[in-house]
Amino acid sequence: MINTIQNQYTPDYISPPGETLLEVIEERQMTQAELAERTGRPKKTINEIINGKTAITPETALQLERVLNISASFWNNREQQYREFLARLEENERLEKQLAWIKRIPITAMIKHGWIQRYSDKVEQLRELLNFFAVASPEQWEEIWSKNLVYFRKSQTFSSDFGDVVAWLRRGEIEAGEIACAPYNAHKFRKALQKIRHLTLKTPEIFQPEMVRLCSDSGVALVFVPQLPKTRTSGATHWLNPDKAIIQISLRYKTNDNLWFAFFHEAGHILLHGKRDIFLEGTGIQSIEDQDKEKQANKFSEDILIPPAELKQFLATVQPLSKANIEQFATKIGIAPGIIVGRLQHDQVLPPNHCNDLKQRLEWSLNDQ
């Protein structure tokens, strides 16, 4: 993604354009009164421009061009640069009063992942964070994300983690924005999910890019974003716009059964629920309505991974459970055996310490950190 403000030079001081104007007329032995007469501007206006009290308007710049033979664009640019400089001074004063906000954001972890740069100057660090979140001030950050995560925000238990969650979600937005997607199509997405289900047998090097491709062809941007220290969430779903949804996965539990369940759970939200909600998994903070939606997404994920009739028949005919018959069942229905282990453990059919070697351990590669 193009960063148009990277390596931007910000001078410590810029003289008012009126100082330049004064130097020019003094060099030409022209008085302020004569300049006023030649341009047709009031003497007071010329004096206020020279003293930095009045801006050079585009009309005045054209008049100066005629009288002094110095282009209007020169005067307009000097005025624009000066006014921007004054605005930045005012912004710095305002940001200095808001430095406490930085403590709510997991800066160290974000720098480690390469999401932001480190600055020794605290105001510059604050400005870097505002650029990352694409907001003008901490007040806008608070307003936007408190509205988006209203149920999360009401919880006192998790209030200290709010900054981590928002940073993680924002990183997902940034990465999703870089994925070109077709307009969302529910029918194509359902078909894509059936193809993705067969990818559970593949290695991450194969399944991850293929998942991203299949989802993007259906209007869904799939991003894998490492969790921050206090995010405590395995996945999230929301919409960038009516034609583009985001599925964001963190690998919180670092095993393939959890990864695939989380992915299909989020896919369930997209297919079953509205486009205005943000679903954030793992926080335990939900309205009653959202709890019902979570149950629906859970069932969607369970059923697409392991068809209920197949599971019922397996449990009725295969006893006792063993690693061998779990692997055989996995081959029959065409998914990774670790997913079946995770499901049986969740349903308390299999003890939590049994057959865990059938699960695939997943770690972020160094390139992703």
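This text gives an overview of the structure that appears in the document. (Residues numbered from 1 in each chain as written. Predicted model: local features only at pLDDT ≥ 70, side-chain atom pairs only at ≥ 80, totals over all residues. Heavy atoms only, no water.)

1. Considerations on the pairing of strand β1 (residues 220-224)
Within β1, 5 of the 5 residues are buried, which leaves it mostly tucked inside the rest of the structure. Note that β1 and strand β3 (residues 244-249) share 5 bridges and pair parallel. By the bridge assignment, Phe224 is partnered in β3 with Ile249. (Buried < 20%, exposed > 50% of the residue type's maximum accessible area, 1.4 Å probe, protein only. Helix = DSSP H or I, 4+ residues; strand = E, 2+ residues; numbered from the N terminus. Pairing = 2+ DSSP bridges.)

2. A few points about a negative patch on the surface
Taken together, the side chains of Glu19, Glu23, Glu26 and Glu27 make up a negatively charged region of the molecular surface. For Glu23, the location among the structural elements is in helix α1 (residues 17-27). (Patch = residues over 30% accessible without salt bridge, like charges linked within 9 Å, V, L, I, M, F, W, Y side chains within 5 Å. Areas by Shrake-Rupley, 256 points an atom, 1.4 Å probe, with all protein chains shown as cover. Salt bridge = Lys/Arg side-chain N within 4 Å of Asp/Glu carboxyl O. Lys, Arg positive; Asp, Glu negative; His and termini not counted. Charge placed at Lys NZ, Arg CZ, Asp CG, Glu CD.)

3. Description of the pairing of strand β2 (residues 235-241)
Counted residue by residue, β2 has 5 buried out of 7 residues, so it is predominantly covered. Direction of pairing for β2 relative to β3: antiparallel, over a ladder of 6 bridges. Note on β3: the bridge partner recorded for Ala236 is Gln248. A loop of 2 residues connects β2 with β3, the two strands running antiparallel in sequence. Where β2 lies against strand β4 (residues 279-280), 2 bridges are found, and the strand directions are antiparallel. Counterpart to Ala236 in the pairing with β4 is Leu280.

4. Thoughts on the packing of aromatic side chains
What the rule picks out here adds up to 13 aromatic pairs. Taken together, a centroid distance of 5.0 Å and an interplanar angle of 80 degrees make the contact between Phe74 and Trp75 edge-to-face. The partly exposed category is assigned to Phe74, whose relative accessible area is 32%. Taking 5.9 Å as the distance between ring centres and 65 degrees as the angle between the ring planes, the aromatic pair formed by Phe133 and Trp141 counts as edge-to-face. Just as Phe133 is buried, Trp141 falls in that class too. Ring pairs connect the aromatic residues Trp101, Trp115, Phe132, Phe133, Trp141 and Phe162, which therefore count as one cluster. In this arrangement the basic side chain of Lys275 is found over the ring face of Trp239, its NZ or CZ atom lying 4.7 Å from the centre. (Phe/Tyr/Trp six-rings, centres within 6.5 Å; stacked < 30°, edge-to-face > 60°. Lys NZ or Arg CZ within 6 Å of the ring centre and 35° of its normal.)

5. Considerations on the layout of surface pockets
Quantified by volume, the second largest pocket comes out at close to 540 Å³. Lining the second largest pocket are 20 residues; nearest its centre among them are Asp257, Asn258, Phe261, Ala262 and His346. Among the secondary structure elements, those contributing two or more residues to the lining of the second largest pocket are α13 (256-272), α14 (288-305) and α17 (337-346). Here the element with the most residues in the lining of the second largest pocket is α13; it accounts for 6 residues. Counted by class, the lining of the second largest pocket contains 6 nonpolar, 7 polar and 7 charged residues. (1 Å grid on protein atoms, 1.4 Å probe; cavity = no way out; pocket = protein on both sides within 12 Å on 5 of 7 lines; lining within 4 Å. Points joined across faces, edges and corners; volume = space filled by probe spheres on them. Nonpolar A, V, L, I, M, F, W, Y, C, P; charged D, E, K, R; others polar.)

6. Quick notes on helix α4 (residues 58-68)
Since the α-helix packs 3.6 residues into each turn, any two residues three or four apart lie on the same face. Within α4 the residues assigned to the buried category are Thr60, Ala61, Gln63, Leu64 and Leu68. Here the buried residues of α4 occupy an arc of 160 degrees about the axis, which is enough to place them on one side. Away from its buried face by more than 90 degrees, α4 exposes Pro58 and Arg66. Where α4 is buried, its residues touch α1, α2 (32-39), α3 (43-50) and α5 (72-96). Two residues or fewer past α4, Asn69 is found with a positive phi of approximately 60 degrees. (Arc of directions from axis to C-beta. Contact = heavy atoms within 4.5 Å.)

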